[in-house]
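Breakdown of the fold
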Amino acid sequence: MGEPFVQISSASSTALTAGARRFYIETFGCQMNAHDSEKVAGVLLARGYVPVTNPEEADFIFYNTCSIREKAAQKVFSRLGQFRKRGAGSQIFAVLGCVAQQEGEEIFERAPHVSLVCGSASYPRLPELLEQVERGRRVTGLSLDTDECFETELTRRENRFRAYLTIMEGCDKRCSFCVVPMTRGPERSRPSQKILEECRLLADQGFSEIQLLGQTVNSYRDLSPARRSFAELLVAVGQIPGIRRVRFTTSHPRDFTPEMVAAIDACPALCDHIHLPVQSGSNAVLRRMLRGYTREEYLEKTDCIRSARRCISISTDIIVGFCGETADDFEQTLWLLERVGYDQVFSFKYSPRPRTPAGGWPDTVPEEEKGRRLIILQERQRQIQLARNQVCVGKEFEVLVEGFQPKLSQAVGRTTSNRVVNFAGRPEWVGSYMNVRVTAVGPNSWVGKRVKTSTAEAQELTAQPSQQG
Ligand code: 5AD
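Residues numbered from 1 in each chain as written. Predicted model: local features only at pLDDT ≥ 70, side-chain atom pairs only at ≥ 80, totals over all residues. Heavy atoms only, no water.

Each helix and strand in the chain was counted, giving 14 helices and 20 strands. The C-alpha atoms of the chain give a radius of gyration of 23 Å, which matches the 23 Å a tight globule of 469 residues would have. Per-residue burial over the chain gives 56% buried out of 469 residues. Counting only contacts in the chain whose residues sit at least 6 apart along the sequence, the fraction spanning at least 24 positions is 72%. Carbon and sulfur atoms make up 51% of the accessible area of the chain, which amounts to about 20,300 Å² in all. Treating the 61 positive side-chain charges of the chain as one cloud and the 56 negative ones as another, the clouds have centres 3 Å apart. (Helix = DSSP H or I, 4+ residues; strand = E, 2+ residues; numbered from the N terminus. Rg over C-alpha atoms; globule rule 2.2 N^0.38 Å. Buried < 20%, exposed > 50% of the residue type's maximum accessible area, 1.4 Å probe, protein only. Contact = heavy atoms within 4.5 Å. Areas by Shrake-Rupley, 256 points an atom, 1.4 Å probe, with all protein chains shown as cover. Lys, Arg positive; Asp, Glu negative; His and termini not counted. Charge placed at Lys NZ, Arg CZ, Asp CG, Glu CD.)

If you want it as structure tokens, here you go:
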């Protein structure tokens, strides 16, 4: 509030002239960012801008940035640097997202050809900010003081069968390593009624999979009179006719409830997969990370998931080499990998971030040792995944065909448990659901063969024998 967001431009800033309205967006980072870019694109289309796929052809270049780790944050400056070297010409540059929020007006000093710096909490003001930029001004949107989500009906979705949908934004957890509370602002949830209306609309438009998004998605709090819990919201979305798959990400272990598992058991449209970032298997490290749970409490939650009637896959995020992580702490993380038996792990070397509590602590584990631990962890997990995947050989799964690789004539499908299956197929299969028998597995994907499930499909299969390998 009261933030002086408009600055009159320097002489070098260029007004966007009528007819020069081609835009290009490059997105870095998470699904939340990918979906934010879809919403930003919608706002731009509504203002008469035209999307282009080549930045050289664009009048307006947007970078939607990520600052979760140092390397990710550097990417945008390297992009801006490339243009600076060549001379940005008449192109207008905007830096959006987490780096924008974190670096603020300093971006103008490092990259004077940038005209708009806007964090995600200010996206509701994008039309107003764009108008200022179009008049040749240099503008920032950096206030975090908001209880609003970025509501827009103008979203331009990239995928025609899977729709991302924000249900909550921001984070109040304040884990000591994490920039998100500083870059995305406080937790705020959308009313469940509105979410469900949007889901029904998406189903009518032909989307069959919905991915509910939130930085800590299961911290969702419905402040509308319906007062739906997160689990109730999941079921309500899963019951919408036409919606065959519902995913949600990312869940925080602190807000995990057995009701989430009961909902998955009760509602077939809810995918049998939960992403539950643990970060470390050592209680000492978890305490310093301010995660708000112990290893034992975390294991109660994964045991609850494993006790479900459906076989729910579990994935996680792990940071190695956090401040003060000893060899023994790391061993405890390796132990946890085995104990849980994760189906997928995303692992990262700790990267100190500015303005986080841990950012000021000694970064005790040398870079080389972080790298060593990462390799050990990834190799251990590779073995675990391979073993977990091997028991699936010979079994049949339903997949949604998400892509096609022309060189290999292979369809790329995904099971509800989030496993990728490659099988002989055709490009027009993309977007449809099929049954596949697993014939071989690696640690990261499966190979399969389409199987007939109905008379109609069986006829189609016999009509196309050469496609079936
Ligand atoms: N350094 C390394 N990894 C981090 N993550 C978040 N902050 C950092 C950091 N400072 C990882 C966490 C999180 C994922 C999205 O990124 O594992 O769950």
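Attention now goes to the environment of Glu-56. Position of Glu-56 among the secondary structure elements: in the loop between strand S3 (50-51) and strand S4 (60-65). In this structure Glu-56 comes out as exposed when scored by relative accessible area, which is 51%. For the pair Glu-56 and Val-391, spaced 335 residues apart in the sequence, the C-alpha separation amounts to 49 Å.

Near the ligand you find Ile-68, Arg-69, Phe-177, Gln-279, Asp-317, Ile-319, Phe-348, Lys-349, Tyr-350, Ser-351 and Arg-353, and these make up its full shell. At 3.1 Å from a nitrogen atom of the ligand is found a main-chain nitrogen or oxygen belonging to Phe-177. At 2.7 Å from an oxygen atom of the ligand is found a side-chain nitrogen or oxygen belonging to Asp-317. With the chains in place, 87% of the 400 Å² that the ligand exposes on its own is no longer accessible. (Near = heavy atom within 4 Å. Polar contact = N/O pair within 3.5 Å; in protein donor to acceptor, adjacent residues only side chain to side chain.)

Before going further, it helps to examine the sheet that holds strand S15 (residues 344-349). Taking strand neighbours across the sheet as the criterion, the 3 strands line up as S13-S14-S15 in an open arrangement whose pairing is parallel. Here the strands that pair on one side only, and so sit at the sheet edges, are strand S13 (273-275) and S15. Strand-to-strand twist of the sheet, defined as the mean angle between neighbouring strand axes without regard to direction, takes the value 15°. Examined bridge by bridge, S13 and strand S14 (residues 313-320) share 3 bridges and lie parallel to one another. Along S14, the bridge assignment pairs His-275 with Ser-315. (Pairing = 2+ DSSP bridges. Axes fitted to C-alpha atoms, helices over the stretch in contact; angles between N-to-C directions.)

Moving on, we get to the nonpolar core. Note that soluble globular proteins tend to have their nonpolar side chains buried in a common cluster. Among the nonpolar cores identified, the biggest contains 56 residues, and Ile-167, Leu-212, Phe-248, Ile-274 and Tyr-342 are the most heavily contacted of them. Top contributing element to this core by residue count: helix H8 (residues 230-238), with 6 residues. Beyond its immediate stretch of four places on either side in the chain, Leu-212 contacts Leu-165, Ile-167, Val-217, Leu-234, Val-237, Val-246, Arg-247, Phe-248 and Thr-249. Membership of the second largest hydrophobic core comes to 23 residues, among which are Phe-77, Phe-83, Phe-108 and Leu-142. (Core = buried A, V, L, I, M, F, W, Y, C linked by side-chain atoms within 4.5 Å.)

Further remarks concern the packing of aromatic side chains. On inspection of all chains with the given rule, the structure shows 12 aromatic pairs. Between the aromatic rings of Tyr-49 and Phe-60, the centroid separation amounts to 6.0 Å while the plane-to-plane angle is 50°, which identifies the pairing as tilted. Of this pair, Tyr-49 sits in the loop between helix H1 (31-46) and S3 while Phe-60 is found in strand S4, placing the two residues 11 residues apart along the sequence. Take Tyr-49 and Phe-60: they sit in the same class, and that class is buried. Feature note: the residues Phe-23, Tyr-49, Phe-60 and Phe-62 constitute an aromatic cluster, connected by ring pairs. Of note, Arg-110 hangs over the ring of Phe-77, and the distance from its end group to the ring centre comes to 3.6 Å. Over the aromatic face of Tyr-433 sits the side chain of Arg-244, whose NZ or CZ is 3.9 Å from the ring centroid. (Phe/Tyr/Trp six-rings, centres within 6.5 Å; stacked < 30°, edge-to-face > 60°. Lys NZ or Arg CZ within 6 Å of the ring centre and 35° of its normal.)

Here we take up the sheet that holds strand S18 (residues 420-424). Ordered by their spatial adjacency, 5 strands build a closed barrel running S16-S17-S18-S20-S19, and the pairing between neighbours is mixed. Pairs of neighbouring strands in the sheet enclose a mean axial angle of 55°, with direction left out of account. Pairing of S18 with strand S20 (residues 445-451) involves 4 bridges; the strand directions are parallel. Opposite Val-420, over in S20, you have Ser-445 as the bridge partner.

Turning our attention to the pattern of salt bridges. In this structure the tally under the stated criterion is 34 salt bridges. Here the salt bridges do not stand alone but share partners, grouping Arg-306, Asp-343, Arg-388 and Arg-419 into one network. (Salt bridge = Lys/Arg side-chain N within 4 Å of Asp/Glu carboxyl O.)

Attention now goes to the domain arrangement of the chain. By domain assignment, the chain separates into domain 1 (5-148), domain 2 (157-390) and domain 3 (396-463). The junction of domain 2 with domain 3 conceals about 1,700 Å² of combined surface from both sides, 43% of it contributed by carbon and sulfur atoms. By the criterion of area lost to domain 3, the three top residues of domain 2 are Phe-161, Arg-245 and Asn-389, representing 37% of everything that side buries. At the boundary of domain 2 and domain 3, one finds 3 salt bridges. Taking the shortest distance from any N to any O, the salt bridge between Asp-343 and Arg-419 comes out at 2.8 Å. For the pair domain 2 and domain 3, the number of links is 16 residue pairs in polar contact (both at pLDDT 80 or more). At the level of secondary structure, the elements contributing two or more residues to the side of domain 2 that touches domain 3 comprise strand S12 (245-249) and helix H13 (367-390). (Domains from an automatic or database assignment. Buried area = accessible area lost by both parts, 1.4 Å probe.)

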